[in-house]
Amino acid sequence: MAIQSETPELEKVVPEAQDFLPLLGTDHVELYVGNAKQAAHFYKSAFGFQSMAYAGLETGVKDRTSYVVEQGKMRLVLTTPLTKDHEINEHLRLHGDGVKVIALWVDDARKAFAETTKRGAVPYFEPRVEKDADGEVVKSGIKLYGDTVHIFVERKNYHGTFLPGYKPWKSAYNPPTAGLKYVDHMVANVGWNEMNPWVKFYEDVMGFANVLGFDDKDISTEYSALMSKVMSNGNGRIKFPINEPAEGKKKSQVEEYLDFYNGPGVQHIAMATDDIVKTVRELMSRGVEFLKVPSSYYDNLLDRVGKIDEDLGPLSELGILVDRDDEGYLLQLFTKPLQDRPTLFIEIIQRKGAKSFGKGNFKALFEAIEREQELRGTL
Ligand code: FE2
């Protein structure tokens, strides 16, 4: 099933990586949320996700409800507990709404579990087979930073809508998509001095390679700083930048995240589009709020990034950021946090050859985040 393999914008052979798993793509992302019904409505209405699958009381699941929404190659699972003693309640108490599972699509979930645990991964659950009338799926899981986990999903013998146990979700309410295509990258925030151990985890346990790094000189403003390293798997389809806070005059956005999430977790999911102007205009009309850089950002933009295909007018009107590297350029924009805790947010990105992450925008962006932190009293 070639659901998520066609991401040529991302793919780049990373010779240092060893693809012993190997990973075919991001299978899905599961968020634990306080109210899955309302969250699903939000991701449909605001972000253009489409109703896909459902599991809950009506399908024989007694302790939780999950709504699956899809857009392009992305699938989000929104799960909430139904019973007072469910372990998901503790996740919600500590973290609020957030990403629990980064599920990775593999050919062999037993092998993925054996290879990673042999190299030091802590098991989340052993390989197991889940079946229904549409076939069978093999899943296994390992633990990550904080309470986050990777689940390996082997679905070559499955022909159903999503996973065994889920029914297709036919909704009467189907707002159009916003043109979002696939997960470009997902970023982790980890604690002080924890970036390098997690870099090593992705190298040793997952066979990833460190393809880029930014220190506190690259990522600092007058007030705050952070460090980041980007980990990639061998075919370049999966990229996980890992951030840790760095010393500054005031509290960095990573520390603010760690305070409100009560530990490490996923900071943002970057979603790719082929037409960022159209996508962002659509998202704004549906109420999605974005960080805004000062209009002076656009004064010398073309001197900084060179010639681009897009007109400057719509970019500055919508606040879209541009950066260039050796291979091309990219356009990007970041939402405000998606929930009341200043934790998870979404990046919208369009790549025009660039394989990097917008280093030239870090300063303007982090100053925009600091203005938000100032309003929250958390700088
Ligand atoms: Fe990003």
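Residues numbered from 1 in each chain as written. Predicted model: local features only at pLDDT ≥ 70, side-chain atom pairs only at ≥ 80, totals over all residues. Heavy atoms only, no water.

Let's talk about the coordination of the iron ion
Protein-derived coordination of the iron ion comes from His185 (NE2), His268 (NE2) and Glu347 (OE), at a distance range of 2.0 to 2.2 Å. Expressed as a motif, the donor residue spacing for the iron ion is H-x82-H-x78-E. Remark: Glu347 occurs in strand β17 (residues 345-352) and His185 occurs in strand β10 (residues 180-189); sequence separation between them is 162 residues. One exposure class covers both His185 and Glu347, and it is buried. (Donors = N, O, S within 2.8 Å, 3.2 Å for Na, K, Ca; no water. Helix = DSSP H or I, 4+ residues; strand = E, 2+ residues; numbered from the N terminus. Buried < 20%, exposed > 50% of the residue type's maximum accessible area, 1.4 Å probe, protein only.)

Notes on helix α9 (residues 362-376)
If you check α9, its first and last C-alpha atoms are 21 Å apart, about what 15 residues at 1.5 Å a residue would give, namely 21 Å. Among all positions of α9, only Phe362, Ala364, Leu365, Phe366, Ala368, Ile369, Glu370, Glu372 and Gln373 are buried. Here the buried face of α9 lies against β11 (209-214), β12 (225-232), α5 (253-261), β15 (321-325) and β16 (328-334). Remark: Gly377 follows α9 within two positions and exhibits a positive phi of approximately 70°. (Expected span 1.5 Å × (residues − 1). Contact = heavy atoms within 4.5 Å.)

Some details on the packing of aromatic side chains
Per the counting criterion, the structure on display carries 18 aromatic pairs. The interplanar angle of 50° and the centroid separation of 5.3 Å between the aromatic rings of Tyr202 and Phe208 together place this pair among those described as tilted. The class for Tyr202 is buried, based on a relative accessible area of 1%. Judged by centre distance (5.3 Å) and plane angle (50°), the ring pair of Tyr202 and Phe240 falls under tilted. Of this pair, Tyr202 sits in helix α4 (residues 195-204) while Phe240 is found in strand β13 (residues 239-246), placing the two residues 38 residues apart along the sequence. Connected via pairs of aromatic rings, a cluster forms that spans Tyr145, Trp198, Phe201, Tyr202, Phe208 and Phe240. We note Arg119 situated over the ring of Phe20; from NZ or CZ to the ring centre the distance is 3.5 Å. (Phe/Tyr/Trp six-rings, centres within 6.5 Å; stacked < 30°, edge-to-face > 60°. Lys NZ or Arg CZ within 6 Å of the ring centre and 35° of its normal.)

Topic: the nonpolar core
Where a protein is soluble and globular, its nonpolar side chains tend to be buried together. Core analysis: the biggest nonpolar cluster contains 96 residues, and Tyr43, Phe47, Phe152, Tyr202 and Met206 have the highest contact counts within it. Both domain 1 (25-168) and domain 2 (180-376) contribute no fewer than three residues apiece to this core. In contact with Phe47, other than residues within four places in its own chain, are Phe42, Gln71, Ala178, Leu180, Leu283, Arg286, Val288, Thr335, Leu338 and Ile346. (Core = buried A, V, L, I, M, F, W, Y, C linked by side-chain atoms within 4.5 Å. Domains from an automatic or database assignment.)

Structural notes on the sheet that holds strand β6 (residues 123-132)
Spatially, the nine strands line up as an open sheet ordered β6-β7-β8-β5-β1-β4-β3-β2-β9, and their pairing is mixed. Across the chains shown, the open sheet's two edge strands, defined by having one partner strand only, are β6 and β9 (167-168). One ladder, built from eight bridges, connects strand β1 (residues 23-32) with strand β5 (residues 98-106); its direction is antiparallel. By the bridge assignment, Tyr32 is partnered in β5 with Gly98. Against the sheet, helix α1 (residues 36-47) engages β1, β2 (50-55), β3 (64-71) and β4 (74-81), with an angle of about 10° to β3. Sheet strands touched by helix α3 (residues 109-118): β5, β6, β7 (135-143) and β8 (149-154). Its angle to β7, the strand with the most contacts, is close to 15°. (Pairing = 2+ DSSP bridges. Axes fitted to C-alpha atoms, helices over the stretch in contact; angles between N-to-C directions.)

So yeah, pure geometry; function would need other evidence.
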